[in-house]
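# Results of the structural survey
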Amino acid sequence: MIRQKTTLLFSWIIGLSLLAFAFFNIGNYYLLSKDYYERIIVENRMHTATVAFGVSSFFDTTYRVVGEMAQALELRNMEPAQQQGFIEERFSQHGFFDNIIVQRVPDGIQTARIKGDLIFQPENWWFKKTVQEQKPFVSSSFYSSGFDFNRPVITNSVCFPVRQGDTMVAVLAGMLRTDELQEYVGRYYRGDDRFTYILDDEGKVIVHLENENTRAIHNYKTGKKELVAYDTSGVPALYGNDYQLEQQDFAVPAGFQNAVLQALNGITGELEYQDAKGNVFICSFAPVRMPGYSASWAAVTVQSKDRALAALREAAMANGMLSFVIFAGLTFLLLRQGREIEQGVYKLAENNIALAAEVIDRVRVEAELTAANEELTAMNGELTVVTGQLQYTNEQMMREIEVRQSAEGQLRLRECQYRAMVQLLTDTNAELDTQMQTILDSALQLASAADGSIALFENEVAIIRYVRGIHTPLLDTNLPIQEGLFPRVLRTGRLHYVREYQRFPERKQGELWRNLRTAVMVPLRDEQKVTGCLMLSWSDTIREMEADELELLQQYADLASLALYGARFRENLRQELVERKLLHEKISYMAFHDTLTGLPNRASLMNRLELELTANEKVLPAGMVMFIDLDDLKSINDNFGHSGGDQVIVDTGRQIRECLGHDVYIARLGSDGFIVLLPEYQETAGIARLAERLTSHLRRDYSIGAITIQLSSSIGIARYPQDGTTVEELLKKADMAMYAAKAAGRSCWRFFDPVMLKDAQEKLLLTNSLRRAVENREFTLVYQPQVEIASGKVTGFEVLLRWHSPEHGNVSPAKFIPLAEESRLIFSIGEWILGKACQFIAKLTQLGYPKLRVSVNLSTKQLADKELVNIIRRLIAHAGFTPQQLELEITESALLTSLEEGVSTLRQLEGLGLRMALDDFGTGYSSLTHLRLFPVETLKIDKSFIDTIPGPDAVLVKSLVKFAQELNMIVVAEGVERQEQLAYLADCGCNIIQGYLMSRPLPEKEALEFLFARNSIR
């Protein structure tokens, strides 16, 4: 019984000891793991910042190298051989390039390239972006071809515009080696399970632990993988000039994707996330500042939490095992002593006879047991003290290592930041905004601050120009300089540091400043004047600042002051150069440009054409000159004033530029004439296509006030050297060709032909003969009958003019009528025709045909004559017939030449009782609006439409007939020559026909005989 109780007592003692041992080790592990985890977070943060700064420095270097190359004379002179040699030399000097390309602006032809053949790629996306924005940038990842088009590679590029003065002449693209950046980041790998990913501004991975993930574009922002598409023959497919891509989904942990998005948005931080297998990862992320106008990239450091804490667990396990061994040894000693006590008690029970001896033995055993227990207690106490000392020593060493690493990292970071700032200030390509924002970001990183800004003092206010953190809402706002730290900084010109801002008596009030705890304001100085300040602040915590930190902040402020001074100096210099250039350009522009259209004027044209013709004394230059002249601009000036004409001239110049492009030389020669000079342009078919396209483009509607008028242009073309080798000769022959185009019906073009010289002489002779013909009465009239389809009877005659010249024989009206209009002989000829027509009508009335109509054509010049109405009134009164028998035919184009006056004249003639016919309908400007305005009763369909019968276009004739009849108009079809045409017109419901099928134009006697045969008098 005694033995059982003793065993039970020892069992309780051992169990309680084991429980205390377990609780001690669990608590110790918890405290150590928490501290160790925080140390890992700090290390990952420093590692991410170091890698991010290293990548940023890598791209700063490439950006600076490409920028220097873009400014080199070897590239700017646009000599392909020099460019090729220059980029090959730079390619051999810098190992981070995979390829270098020079692409000319604006045609997109590559003039130099390291890898691959020179090609024509105007649609290349990085080329178009650089041309459009005219700013350097670092691109995101994309597929590119090197030596082998069939083996696309992933690359990033640094693109710079190449300029000659203010003009961009080319784009320089430096393609970077992705493996070089992968190797560069790999230098920061310490052999543990921590690794940093680098992603571009679109979330595409650039550097990855597994190289396989950099052989295809993985976008961790969208979860899409981009692959080059291949056709059935295994050749990469193209989309324009770029590879055609196809996308595949791949799994991205939500937490990792969140870290990428925050880093790309400029946020630095840490988080934990779980992958699809349930593994937990520690993630530290930071933005990577990119040079120039490029958006920030991202650096993300990932470490398995389980592997990171594995070392701590192993140490804790070893410590537990050691403690357990010690505890087991003590337990073993205790059990051995207990066994001896049991044996002693047993002997006492058996030896009742020797009670005294047994009592003595028991006292002795108890004494030994007490001594052993005291010894064990002392050993346990010593073990606890030793364990505590080891733990304290370990914590001290860990803190010291952390402090040393942090201090070392801060020193390296400060040195790199300062060097980067100095380099940035000495970089003439860097913009002021880039320099100032980088200085602010570096100062914030140095002082471990999230909030800051740079303000400039102007007109008694502080204008916030650059911001970060909670200062962002203050961007471009004005703050009064009488509040906060501003007065002290302005008064003393020195740095001011306020440890507890809320106790600062002159603190600013408001929601933005409510949680502000510590603030630093550093002055920016220009000589002895304070021009601005660098402001840093900390919210919800008090920031202790050391003297060396404040001194470094003052250095950053001095760098900002230097950047402002350099920018102001450069701006003043640039402004002076710009003003001089503008003044020179203004004087030159006024001397050689037309004040109305802004195009080069006659003086500029003469100089340019003279230079072109005398550029090479050994070889005659070749090219062409186009003389463009608006058709009938005079009618616009007459009807709408010269302001309306000027509006048409300006619009025409703009339309020529729009059609031919901005690189073509276009000059205004004067009035409504324009000259286009195209050097080295000799191919006849190409010139013809260009002239046709330009003619069609200029045949358009022009808006003048609330009225729309359709105008056209005629073009004459002279080529050199075959048509002339002097300026005067070329312009003269281009002018002759232009007038030949007008003579051909306008709205067309003509090449100069030597025959035109002969035609010009013939035109002069024919005009002189025409004057004599008026004096000598060499003209005759013929009458073409107009027959009603239904009855076959004559309803009227059209009066036509004929000229038989003793010198030239029978002259076509199409040839001499335009000459009569140009020489103004048309007025006397027209009055003579009207007089003869009135006499013919009077004769018809006397013969018993008072209802027959006689049609007389009116020209544009006659319609514009203010005496026309009086002349016709006088002739009718003299002949003595009813005015309804006289019908005047007018073309729509003649009316539109002087629309308002023309319609007014027709209204007056209608008031006399005359009938009006619209001639050649459908060949001119055919407008329903105009037809509604004109007081016409008869619509004459032109012969060109009748010739389409029979044929698929004949349906247009039916539509015209139906349209006229719905307006209650009489329809006359001109030029009917075949029986099938007559049948079709009868089927359409046409009223009257005129043409050789019925009768040719007849002299008066034969016309009366034809009338008597067709129309019997009852």
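Everything in this summary refers to the structure shown in the same document. (Residues numbered from 1 in each chain as written. Predicted model: local features only at pLDDT ≥ 70, side-chain atom pairs only at ≥ 80, totals over all residues. Heavy atoms only, no water.)

## What about empty space enclosed by the protein?
Worth spelling out the cut-off: Every definition here rests on a 1 Å grid over the protein atoms only: cavities are sets of points where a 1.4 Å probe fits but cannot get out, pockets are open sets enclosed by protein on both sides within 12 Å along at least five of seven lines, and lining residues have some atom within 4 Å of a point. Grid points are joined across faces, edges and corners, and a volume is the space filled by probe spheres set on the points. Secondary structure elements are taken from DSSP: a helix is a run of H or I of four residues or more, a strand is a run of E of two residues or more, and numbering for both begins at the N terminus. Residues are sorted three ways: Asp, Glu, Lys and Arg are charged, Ala, Val, Leu, Ile, Met, Phe, Trp, Tyr, Cys and Pro are nonpolar, and all the rest, Gly among them, are polar.
Tallied over the full model, the rule gives 5 cavities of 30 Å³ or more. Approximately 180 Å³ is the volume attributed to the largest cavity. Forming the walls of the largest cavity are 18 residues, and the residues nearest its centre are Tyr 501, Trp 513, Leu 516, Met 521 and Met 535. At the level of secondary structure, the elements contributing two or more residues to the lining of the largest cavity comprise strand E21 (516-526) and strand E22 (529-539). Here the lining of the largest cavity takes 4 residues from E21, the largest share from any one element. Split into classes, the residues belonging to the lining of the largest cavity amount to 12 nonpolar, 4 polar and 2 charged.

## Observations regarding the state of the cysteines
Quick reminder of the rule: The disulfide criterion is simple: two cysteine sulfur atoms within 2.5 Å. We call a residue buried when its accessible area falls under 20% of the maximum for its residue type, exposed when it is over 50%, and partly exposed in between, using a 1.4 Å probe and counting protein chains only.
Scanning the model with the defined rule gives 0 disulfides in all. This cysteine, Cys 988, is not joined by any disulfide, and Cys 990 carries the nearest cysteine sulfur, 7.9 Å off. The class for Cys 988 is buried, based on a relative accessible area of 11%.

## With respect to unusual backbone geometry
Between Val 105 and Pro 106 the backbone carries a cis peptide bond, its omega angle lying at 10 degrees. Looking at where Pro 106 falls in the secondary structure, it is placed in the loop between strand E1 (97-104) and strand E2 (110-113). Note that the residue after Ile 949, namely Pro 950, is joined by a cis bond; omega there is -10 degrees. Structurally, Pro 950 can be placed in the loop between helix H25 (943-946) and helix H26 (955-966). Within the chain, Ser 448 stands out as a residue other than glycine whose phi angle is a positive 55 degrees. Structurally, Ser 448 is set in the loop between helix H10 (432-446) and strand E17 (451-458). The phi angle at Arg 746 is positive, at roughly 70 degrees, despite the residue not being glycine. By the element assignment, Arg 746 lies in the loop between helix H16 (727-743) and strand E29 (749-751).

## Examining the pairing of strand E15 (residues 280-288)
Put simply, the test is: Pairing between strands is defined by DSSP: at least two bridges between them are needed.
The element E15 is largely enclosed, with a buried count of 8 among its 9 residues. Where strand E14 (residues 269-274) lies against E15, 6 bridges are found, and the strand directions are antiparallel. Paired with Leu 271 across the bridge in E15 is Cys 283. As consecutive antiparallel partners, E14 and E15 are separated by 5 residues, and within that stretch Gly 278 has a phi angle of approximately 90 degrees, a positive value.

## A few points about the nonpolar core
Definition in use: Put simply, buried Ala, Val, Leu, Ile, Met, Phe, Trp, Tyr and Cys residues joined by side-chain atoms within 4.5 Å make one nonpolar core. Two residues form a contact once any of their heavy atoms are found within 4.5 Å.
Counting 77 residues, the largest nonpolar core has Phe 779 and Leu 888 as the members making the most contacts within it. The greatest single-element share of this core, amounting to 10 residues, is contributed by helix H19 (residues 826-846). Not counting the four nearest positions on each side in its chain, Leu 888 is found in contact with Leu 834, Val 856, Leu 858, Ile 872, Leu 909, Leu 914, Arg 915, Met 916 and Ala 917. Formed by 40 residues, the second largest nonpolar core is a distinct cluster that contains Val 66, Met 69, Ile 87 and Val 162.

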